[in-house]
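Reading the structure
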Amino acid sequence: MTTPDSDSLLAEQLLRLTRRVHRIQKRHLQQSGLGVTPAQARLLRTLAHCAAPPRMADLAARLEVVPRAVTTLVDGLEASGLARRAPDPTNRRVIRIELTEGGRRALRELRGARVSAAEEILDPLTTLEREVLSGLLDALVGGESADHEPARERERAQHRERAREGSAEGSAEPGHVC
């Protein structure tokens, strides 16, 4: 069972880890020599995962930022030759953003920088610890989907089940509150 103090400690540890991940990724990005910021790298990855070139508003929604922020990012990527604005073939008022060949090459290099950063971060962990961490991160990133009961609800259900078993056998733990 967690306490407010242990939850506070976990929150602080997660924040420190997030900051460390960002610092290390930023350093690896700088070492790559691409001249791409972490935000621009995220935009490139987002563009690569789109089935068709998205509109600026679509990118803003996917990145969960204001449209003005996307405009600035696209301006930088366009100036570097990594992305371009292209008119929509069916609606001339709509502008779509697409990767250039240079953007695809940059993405390959960025993946290498991300892998190097991940290796550096995960280096202290054994293979088993990495597998456990992966499962825990999946549970946290997945949130409360229909397939996954929230952890606290699972704990409560387990406590109720143990209490039922204990009372059915007449051996409930003294002072145990469910």
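Residues numbered from 1 in each chain as written. Predicted model: local features only at pLDDT ≥ 70, side-chain atom pairs only at ≥ 80, totals over all residues. Heavy atoms only, no water.

Take helix α3 (residues 56–63) next. Buried within α3 we find Met56, Leu59, Ala60 and Leu63. Down the axis of α3, the buried set is contained in an arc of 100°. They therefore lie on one face. Contacts made by the buried residues of α3 are with α2 (38–48), α4 (67–79), β1 (83–87) and β2 (95–99). The first or second residue beyond α3 is Glu64, which carries a positive phi of 60°. (Buried < 20%, exposed > 50% of the residue type's maximum accessible area, 1.4 Å probe, protein only. Helix = DSSP H or I, 4+ residues; strand = E, 2+ residues; numbered from the N terminus. Arc of directions from axis to C-beta. Contact = heavy atoms within 4.5 Å.)

The subject of this paragraph is the environment of Arg23. Note on placement: Arg23 falls in helix α1 (residues 4–32). Using a relative accessible area of 54% as the deciding quantity, one classes Arg23 as exposed.

Moving on, we come to the pattern of salt bridges. Once the charged atoms of two side chains with opposite charge are near each other, the side chains can pair. Throughout the structure, instances matching the rule amount to eight salt bridges. Taking the shortest distance from any N to any O, the salt bridge between Arg85 and Asp75 comes out at 2.7 Å. Linking Arg85 in strand β1 with Asp75 in helix α4, this pair joins segments that are ten residues apart in sequence. By relative accessible area, which is 36% here, Asp75 ends up partly exposed. Of the charged contacts in the structure, one is a salt bridge between Arg96 and Asp88, with a shortest N-O distance of 2.6 Å. On the basis of relative accessibility, which here comes to 9%, the residue Asp88 falls in the buried class. (Salt bridge = Lys/Arg side-chain N within 4 Å of Asp/Glu carboxyl O.)

This brings us to the packing of α3 against α4. Packing of α3 against α4 brings their axes to within 8 Å, and their N-to-C directions diverge by 110°. Judged on the interaxial angle alone, α4 and α3 are roughly perpendicular. Listed contacts from α4 to Met56, Leu59, Ala60 and Leu63 of α3 are Pro67, Val70, Thr71 and Val74. Looking at the contact of α3 with α4 residue by residue, the class counts come to seven nonpolar, one polar and no charged. (Axes fitted to C-alpha atoms, helices over the stretch in contact; angles between N-to-C directions. Parallel < 35°, antiparallel > 145°, perpendicular 65-115°, else oblique. Nonpolar A, V, L, I, M, F, W, Y, C, P; charged D, E, K, R; others polar.)

Within the largest apolar cluster, 21 residues are counted, with the highest numbers of intra-cluster contacts made by Leu43, Leu44, Leu47, Val70 and Ile97. Elements supplying a minimum of two residues to this core: α2, α3, α4, β2 and α5 (101–122). In contact with Val70, not counting residues within four places along its chain, are Met56, Leu59, Ala60, Leu63 and Val65. (Core = buried A, V, L, I, M, F, W, Y, C linked by side-chain atoms within 4.5 Å.)

The next thing to look at is the confidence of the model for the protein chain. Per-residue pLDDT for the protein chain has a mean of 82; in total, 78% of the residues score no lower than 70. Low pLDDT (under 50) marks residues 166–178, which in the prediction has six contacts with non-local residues, meaning those over four places away or in another chain. (pLDDT = per-residue confidence, 0-100.)

Before going further, it helps to spend a moment on a nonpolar patch on the surface. A cluster of nonpolar side chains, Leu128, Val132 and Leu136, forms an exposed patch at the surface whose accessible area comes to about 300 Å². Within the secondary structure layout, Leu128 lies in helix α6 (residues 127–142). (Patch = residues over 30% accessible without salt bridge, like charges linked within 9 Å, V, L, I, M, F, W, Y side chains within 5 Å. Areas by Shrake-Rupley, 256 points an atom, 1.4 Å probe, with all protein chains shown as cover.)

Tracing the backbone shows Thr46 in helix α2. Contacts of Thr46, omitting those with residues within four sequence positions, involve Leu59, Arg62 and Leu63.

The phi angle at Glu64 is positive, at roughly 60°, despite the residue not being glycine. Note on placement: Glu64 falls in the loop between α3 and α4. Of the residues examined, Glu64 reaches a relative accessible area of 73% and is grouped as exposed.

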